[in-house]
Amino acid sequence: MGKKDVVIKVDHVGMKFNLSSEKVDNLKEYVIKLIKRELMYQEFWALKDVSFEIRRGERWGILGFNGAGKSTLLKVVAGVLKPTEGTVTRKGKIVPLLELGAGFDKQYTGAENIYLYGAVLGYSKEFIKEKYDEIVKFSGLKKFIDVPIKNYSSGMRARLGFSIATIVEPEILILDEVLSVGDAKFRRKSERKIKSMFDKGVTVLFVSHSLAQVKRICDHAMIMENGHIIAAGEVEEIASQYEQMLKEDS
């Protein structure tokens, strides 16, 4: 495989956040403290010196404990966050399934949000119209489709978001814990849907707390700890290393 097959290249990426060490309750208090220079900022590096390459058709799982930087890394790769240091190069249409349904307008119904969210993801109105029944059927929310989203549970919102986002065949799929939404039946269904994209050579970057799921879906994995990648390679090898870490942690 040549260099041309690299679809995601993360090069010495660092992501710094400023955490205010004092809790400020409102904007007025914030401005007063800022003027008096009473606000202390702590610098926090969520990612530090992260580098890796993903080739077309590879499916990578990202493992690590809470706060390891997994979700931040996905947002940087998806282009949602701009890294403080380093560069990310992407080739191909990326569909990031990060905060499913975060693009919904809660005042509107499920049906209206299919069009709205579709537009956010860059689909034309005609395309959504054509795929509308398929989206509703997959989500299993036909009975609730004319109900405002504000009355949906987070699981229902996620199901609708997943159904809209996966209606196209993306070249690169970025998944953050999305296969853990909804009930067991929907989880199996969404996993099958993702797997059906594998035959078409989709590239996957996937964060999950379920090691079993990572093993089912991914052929490669990496382990993150404190914003660094501490191991990367074939999924079986990395999974057993992670299992060891889980044992040591318990």
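Below you will find a few notes about this structure. Position labels on residues start from 1 in each chain and follow its written sequence. The predicted origin of the model limits local features to residues at a pLDDT of at least 70 and limits the giving and counting of side-chain atom pairs to 80 or more, whereas totals for whole chains, interfaces and linings rest on all residues. Side-chain calculation: all heavy atoms of the structure are included, whereas hydrogens and water are not.

1. Some details on the overall build of the protein chain
Piece 1. In this description a helix means any DSSP run of H or I spanning at least four residues, a strand means any run of E spanning at least two, and both kinds are numbered starting from the N terminus. Along its length, the protein chain carries eight helices and nine strands.
Piece 2. For the radius of gyration, the atom set is restricted to C-alpha positions; the globular benchmark scales as 2.2 Å times the number of residues to the power 0.38. Since a compact globule built from 250 residues should have a radius of gyration of about 18 Å, the 20 Å found for the protein chain is in line with a globular shape.
Piece 3. In terms of principal-axis extent, the alpha carbons of the protein chain reach across some 55 × 55 × 40 Å.
Piece 4. For every residue, the accessible area (1.4 Å probe, protein chains only) is compared with the maximum for its type, and the residue is labelled buried under 20%, exposed over 50%, or partly exposed between those bounds. Looking at the protein chain as a whole, 46% of its 250 residues are labelled buried.
Piece 5. Residue contacts are counted whenever heavy atoms from the two residues lie within 4.5 Å of one another. Long-range pairs, those at least 24 residues apart, make up 71% of the contacts in the protein chain between residues at least 6 apart in sequence.
Piece 6. Every accessible area reported is derived by Shrake-Rupley at a probe size of 1.4 Å, with residue values counting cover from the shown protein chains alone. Taken as a whole, the protein chain presents about 13,400 Å² of accessible surface, with 51% of it coming from carbon and sulfur.
Piece 7. Positive charges come from Lys and Arg alone, negative charges from Asp and Glu alone, with His and the N- and C-terminal ends not counted. Where a charge sits is defined by one atom per residue type, namely NZ (Lys), CZ (Arg), CG (Asp) or CD (Glu). Averaging the positions of the 40 positive and the 34 negative side-chain charges in the protein chain gives two centres separated by 5 Å.

2. Notes on the packing of aromatic side chains
Piece 1. Only rings of Phe, Tyr and Trp enter the pairing, Trp through its six-membered ring, and a pair is recorded when the two centres are within 6.5 Å. The plane angle decides the type: under 30 degrees is stacked, over 60 is edge-to-face, the rest tilted. The final tally for this structure, using the stated rule, is seven aromatic pairs.
Piece 2. When the centroid spacing of 5.9 Å and the interplanar angle of 35° are considered together, the rings of Phe65 and Tyr242 count as tilted. Of this pair, Phe65 sits in the loop between strand E3 (59–63) and helix H2 (70–78) while Tyr242 sits in helix H8 (residues 235–249), and the two are 177 residues apart along the sequence.
Piece 3. Using a relative accessible area of 6% as the deciding quantity, one classes Tyr242 as buried.
Piece 4. Each ring, one from Tyr123 and one from Phe127, has its centre 5.4 Å from the other, and the planes form 65°; the classification is edge-to-face.
Piece 5. Judged by relative accessible area, which is 9%, Tyr123 ranks as buried.
Piece 6. You can call Phe127 partly exposed: its relative accessible area is 22%.
Piece 7. Here the aromatic cluster, defined as three or more aromatic residues joined through ring pairs, consists of Phe138, Phe162 and Phe186.
Piece 8. Any Lys NZ or Arg CZ found within 6 Å of a ring centre and within 35 degrees of that ring's normal is scored as a charge over the ring. When the ring centre of Phe186 is taken as reference, the NZ or CZ atom of Arg159 above it lies at 5.5 Å.
Piece 9. Sitting over the face of the ring of Phe138, Lys193 holds its NZ or CZ atom 5.3 Å from the ring centroid.

3. Describing a positive patch on the surface
Piece 1. Candidates for patches are residues over 30% relative accessible area with no salt bridge; among them, like charges are joined within 9 Å and nonpolar side chains (Val, Leu, Ile, Met, Phe, Trp, Tyr) within 5 Å. Salt bridges are defined as contacts in which a side-chain nitrogen from Lys or Arg sits within 4 Å of a carboxyl oxygen from Asp or Glu. A cluster of basic residues, Lys185, Arg187, Arg188 and Arg192, forms a positive patch at the surface.
Piece 2. For Arg187, the position within the fold is in helix H6 (residues 184–198).

4. Topic: the environment of Ala221
Piece 1. Within the secondary structure, Ala221 is located in strand E8 (residues 220–225).
Piece 2. Looking at Ala221, the relative accessible area reads 0%, which means it is buried.
Piece 3. Filtering out sequence-adjacent residues up to four positions away, Ala221 remains in contact with Trp60, Gly61, Leu63, Ala231, Ala232, Gly233, Glu234, Val235 and Ile238.

5. What about a nonpolar patch on the surface?
Piece 1. Residues Leu27, Val31 and Ile35 make up a contiguous nonpolar surface patch of about 320 Å² in total accessible area.
Piece 2. Among the secondary structure elements, Ile35 is positioned in helix H1 (residues 27–35).
Piece 3. The class of Ile35 is exposed, set by a relative accessible area of 66%.

6. Details of the pairing of strand E7 (residues 203–207)
Piece 1. Most of E7 is tucked away: five of the five residues are buried.
Piece 2. Neither face of E7 is left uncovered, since the one carrying Thr203, Leu205 and Val207 and the one carrying Val204 and Phe206 both have all their residues buried.
Piece 3. Note: two strands are recorded as paired if DSSP finds a minimum of 2 bridges between them. Bridge analysis of E3 against E7 gives four bridges, and the strand direction is parallel. Each bridged residue has a counterpart across the sheet, and for Ile62 the counterpart in E7 is Val207.
Piece 4. Where strand E6 (residues 172–176) and E7 come together, five bridges link them in parallel fashion. By the bridge assignment for E7, Ile174 is matched with Leu205.

7. Brief notes about the side chain of Ser190
Piece 1. For Ser190, the position within the fold is in helix H6.
Piece 2. Exposure remark for Ser190: the relative accessible area of 0% places this residue in the buried category.
Piece 3. Pairs of N or O atoms are called polar contacts if they sit within 3.5 Å, as long as, within protein, a hydrogen donor faces a hydrogen acceptor (for residues adjacent in sequence, only side-chain-to-side-chain pairs). A distance of 3.0 Å separates the side chain of Ser190 from the backbone oxygen of Arg187, its partner in a polar contact.

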